[in-house]
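Inside the fold
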Amino acid sequence: SMPDTGAGSATTGASSGAAAGDWKAMDKTMAARDKSFPAATKGRGGQLLVPKVLADGTKEFHLTAEIAKWEIEPGKIVDAWTYNGTVPGPTIHVNFGDKVRIVVKNELPESTSVHWHGLHVPNSMDGVSDVTQAPIKPGASFTYAFKITQHVAVSWYHSHHDGTKQVSSGLWVAFLVGEMPVPAGVL
(Lines give C-alpha, C1' and ligand atoms only; values in the text may rest on other atoms or scores of the structure.)
Protein backbone atom coordinates (compact mmCIF):
# COMPACT_ATOMS: atom_id res chain seq x y z
CA SER A 1 0.00 0.00 0.00
CA MET A 2 1.23 3.50 -0.85
CA PRO A 3 1.61 6.05 1.97
CA ASP A 4 -0.95 8.87 2.05
CA THR A 5 0.88 11.95 0.74
CA GLY A 6 -2.15 14.17 0.82
CA ALA A 7 -2.38 14.10 -2.98
CA GLY A 8 -5.96 14.61 -3.99
CA SER A 9 -6.88 16.30 -0.73
CA ALA A 10 -7.51 19.54 -2.59
CA THR A 11 -10.38 17.91 -4.45
CA THR A 12 -11.71 15.46 -1.88
CA GLY A 13 -10.71 16.91 1.46
CA ALA A 14 -10.25 13.30 2.64
CA SER A 15 -6.75 13.71 4.02
CA SER A 16 -6.80 17.39 4.98
CA GLY A 17 -8.01 16.78 8.52
CA ALA A 18 -10.21 19.90 8.22
CA ALA A 19 -13.78 19.78 9.45
CA ALA A 20 -16.50 20.50 6.91
CA GLY A 21 -17.01 24.25 6.54
CA ASP A 22 -13.51 25.30 7.68
CA TRP A 23 -12.77 26.52 4.18
CA LYS A 24 -15.66 28.96 4.45
CA ALA A 25 -14.18 30.50 7.61
CA MET A 26 -10.77 30.68 5.91
CA ASP A 27 -12.29 32.38 2.85
CA LYS A 28 -13.97 34.95 5.12
CA THR A 29 -10.72 35.61 7.01
CA MET A 30 -8.73 35.93 3.78
CA ALA A 31 -11.30 38.29 2.20
CA ALA A 32 -11.18 40.60 5.23
CA ARG A 33 -7.36 40.59 5.20
CA ASP A 34 -7.13 41.12 1.44
CA LYS A 35 -9.52 44.08 1.62
CA SER A 36 -7.29 45.72 4.25
CA PHE A 37 -4.63 46.34 1.58
CA PRO A 38 -3.03 48.49 0.38
CA ALA A 39 -2.03 49.39 3.92
CA ALA A 40 0.36 52.02 5.21
CA THR A 41 3.61 50.35 6.26
CA LYS A 42 7.10 51.63 6.91
CA GLY A 43 9.39 51.31 3.89
CA ARG A 44 8.71 51.01 0.21
CA GLY A 45 10.23 48.33 -1.99
CA GLY A 46 10.67 48.10 -5.72
CA GLN A 47 11.99 51.63 -6.21
CA LEU A 48 14.20 52.34 -9.23
CA LEU A 49 17.91 51.89 -8.60
CA VAL A 50 19.91 54.70 -10.21
CA PRO A 51 23.09 53.42 -11.81
CA LYS A 52 26.52 54.98 -11.77
CA VAL A 53 27.45 55.56 -15.42
CA LEU A 54 31.08 54.64 -15.99
CA ALA A 55 33.40 56.41 -18.46
CA ASP A 56 32.67 53.86 -21.20
CA GLY A 57 28.90 54.22 -20.69
CA THR A 58 28.45 51.03 -18.68
CA LYS A 59 25.60 51.28 -16.18
CA GLU A 60 26.87 50.01 -12.83
CA PHE A 61 24.45 48.96 -10.10
CA HIS A 62 25.27 47.92 -6.54
CA LEU A 63 23.21 45.39 -4.62
CA THR A 64 23.77 44.20 -1.07
CA ALA A 65 22.03 40.99 -0.06
CA GLU A 66 21.28 41.43 3.64
CA ILE A 67 18.78 40.68 6.37
CA ALA A 68 16.76 43.74 7.40
CA LYS A 69 13.70 44.46 9.51
CA TRP A 70 10.70 44.85 7.17
CA GLU A 71 7.09 45.73 7.99
CA ILE A 72 4.99 43.34 5.90
CA GLU A 73 1.67 44.61 7.22
CA PRO A 74 0.80 47.23 9.82
CA GLY A 75 2.58 46.31 13.05
CA LYS A 76 4.06 43.04 11.73
CA ILE A 77 7.83 43.31 11.34
CA VAL A 78 9.93 40.38 10.12
CA ASP A 79 13.58 39.67 9.40
CA ALA A 80 13.41 39.84 5.62
CA TRP A 81 16.14 38.76 3.21
CA THR A 82 16.60 41.84 1.07
CA TYR A 83 18.51 43.53 -1.68
CA ASN A 84 19.53 46.97 -0.38
CA GLY A 85 17.24 46.67 2.63
CA THR A 86 13.85 46.50 0.86
CA VAL A 87 11.28 43.96 -0.32
CA PRO A 88 11.04 43.82 -3.17
CA GLY A 89 14.56 45.10 -3.69
CA PRO A 90 15.40 47.91 -6.10
CA THR A 91 14.03 47.73 -9.62
CA ILE A 92 16.66 47.82 -12.36
CA HIS A 93 15.64 49.57 -15.59
CA VAL A 94 17.96 49.53 -18.62
CA ASN A 95 17.69 49.78 -22.39
CA PHE A 96 18.63 47.77 -25.46
CA GLY A 97 22.38 47.88 -26.06
CA ASP A 98 23.29 48.99 -22.52
CA LYS A 99 26.39 47.46 -20.99
CA VAL A 100 25.51 46.51 -17.43
CA ARG A 101 27.64 45.73 -14.36
CA ILE A 102 25.90 44.60 -11.22
CA VAL A 103 28.10 44.28 -8.15
CA VAL A 104 26.49 42.00 -5.58
CA LYS A 105 27.83 42.01 -2.02
CA ASN A 106 26.66 39.15 0.17
CA GLU A 107 26.00 40.15 3.79
CA LEU A 108 23.74 37.15 4.42
CA PRO A 109 24.61 34.34 6.86
CA GLU A 110 24.83 31.90 3.92
CA SER A 111 25.93 31.86 0.30
CA THR A 112 23.73 33.32 -2.44
CA SER A 113 23.69 34.06 -6.18
CA VAL A 114 21.53 36.16 -8.50
CA HIS A 115 19.69 34.76 -11.52
CA TRP A 116 18.52 37.22 -14.20
CA HIS A 117 15.29 35.41 -14.98
CA GLY A 118 14.25 35.66 -18.62
CA LEU A 119 17.13 37.91 -19.65
CA HIS A 120 19.55 36.92 -22.40
CA VAL A 121 22.90 36.84 -20.62
CA PRO A 122 26.13 34.89 -21.12
CA ASN A 123 26.00 31.49 -19.43
CA SER A 124 28.75 32.51 -16.99
CA MET A 125 26.54 35.40 -15.80
CA ASP A 126 23.31 33.37 -15.39
CA GLY A 127 23.64 33.12 -11.61
CA VAL A 128 22.79 29.47 -11.06
CA SER A 129 24.89 28.29 -8.11
CA ASP A 130 27.22 25.38 -8.82
CA VAL A 131 26.10 25.24 -12.47
CA THR A 132 27.07 28.59 -14.05
CA GLN A 133 28.97 30.10 -11.12
CA ALA A 134 30.25 29.35 -7.64
CA PRO A 135 27.92 30.69 -4.96
CA ILE A 136 28.77 34.09 -3.48
CA LYS A 137 29.98 33.26 0.01
CA PRO A 138 29.06 35.40 3.06
CA GLY A 139 31.16 38.58 3.08
CA ALA A 140 32.18 38.15 -0.58
CA SER A 141 31.15 40.02 -3.72
CA PHE A 142 30.57 38.99 -7.33
CA THR A 143 30.24 41.23 -10.38
CA TYR A 144 27.79 40.29 -13.10
CA ALA A 145 28.53 41.95 -16.45
CA PHE A 146 26.53 41.64 -19.65
CA LYS A 147 25.10 43.58 -22.58
CA ILE A 148 21.35 44.01 -22.94
CA THR A 149 20.31 42.32 -26.20
CA GLN A 150 16.54 42.51 -25.77
CA HIS A 151 14.50 45.51 -26.90
CA VAL A 152 11.71 45.17 -24.34
CA ALA A 153 11.37 42.86 -21.36
CA VAL A 154 9.48 42.77 -18.11
CA SER A 155 11.54 40.33 -16.12
CA TRP A 156 12.89 39.78 -12.65
CA TYR A 157 16.01 38.88 -10.75
CA HIS A 158 16.14 36.61 -7.75
CA SER A 159 18.35 34.43 -5.61
CA HIS A 160 19.21 31.09 -7.15
CA HIS A 161 20.83 29.55 -4.07
CA ASP A 162 18.70 27.97 -1.35
CA GLY A 163 15.91 29.57 -3.37
CA THR A 164 13.01 28.07 -1.42
CA LYS A 165 14.22 30.02 1.60
CA GLN A 166 15.88 33.06 0.01
CA VAL A 167 13.26 33.96 -2.60
CA SER A 168 10.29 33.43 -0.30
CA SER A 169 12.09 35.52 2.36
CA GLY A 170 12.34 38.52 0.00
CA LEU A 171 15.15 38.13 -2.58
CA TRP A 172 13.14 38.89 -5.73
CA VAL A 173 12.88 42.07 -7.79
CA ALA A 174 11.69 43.52 -11.14
CA PHE A 175 14.16 43.97 -14.01
CA LEU A 176 12.85 46.11 -16.87
CA VAL A 177 14.31 46.56 -20.33
CA GLY A 178 13.11 49.38 -22.56
CA GLU A 179 9.74 51.02 -22.24
CA MET A 180 6.54 49.09 -21.79
CA PRO A 181 3.37 50.85 -20.74
CA VAL A 182 2.44 50.18 -17.11
CA PRO A 183 -0.58 51.40 -15.17
CA ALA A 184 -0.30 54.93 -13.76
CA GLY A 185 1.42 55.11 -10.39
CA VAL A 186 3.12 51.69 -10.63
CA LEU A 187 6.66 53.08 -10.95
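Residues numbered from 1 in each chain as written. Predicted model: local features only at pLDDT ≥ 70, side-chain atom pairs only at ≥ 80, totals over all residues. Heavy atoms only, no water.

Focus on the pairing of strand β8 (residues 153-159)
Our working rule: Only protein chains enter the accessibility calculation, which uses a 1.4 Å probe; a residue is then buried when its area is under 20% of its type maximum, exposed when over 50%, and partly exposed in between. Each helix corresponds to a stretch of at least 4 residues labelled H or I by DSSP, and each strand to a stretch of at least 2 residues labelled E; elements are numbered beginning at the N terminus. By this definition, two strands are paired if DSSP reports at least two bridges between them.
The element β8 is extensively covered by neighbouring structure, given that five of its seven residues are classed as buried. Two elements, strand β6 (residues 114-117) and β8, share four bridges in a ladder whose sense is antiparallel. Paired with His117 across the strands is Trp156, a residue of β8. Pairing analysis gives six bridges linking β8 to strand β9 (residues 172-177), with the strands arranged antiparallel. Bridging across to β9, Ser155 finds its partner in Phe175.

Here we look at the sheet that holds β9
Stated precisely, the cut-off is as follows: Helix axes are fitted to C-alpha atoms over the stretch in contact, other axes to C-alpha atoms as well, and angles between N-to-C directions run from 0 to 180 degrees.
Strand order in the open sheet made by the four strands is β4-β9-β8-β6, with mixed pairing throughout. The sheet is open, and its two edges are formed by β4 (92-94) and β6, each paired on a single side. When the angles between neighbouring strand axes are averaged without regard to direction, this sheet yields 20°.

Brief notes about unusual backbone geometry
Of note, the bond from Phe37 into Pro38 is cis; its omega dihedral lies within 30 degrees of zero at 5°. Considering the arrangement of structural elements, one finds Pro38 in the loop between α2 (22-34) and β1 (52-53). Of note, the amide linkage connecting Val87 to Pro88 takes the cis form, showing an omega dihedral of -15°. For Pro88, the location among the structural elements is in the loop between β3 (76-83) and β4. Positive phi is not limited to glycine here, since Asp130 has a value of about 65°. For Asp130, a relative accessible area of 62% puts it in the exposed group.

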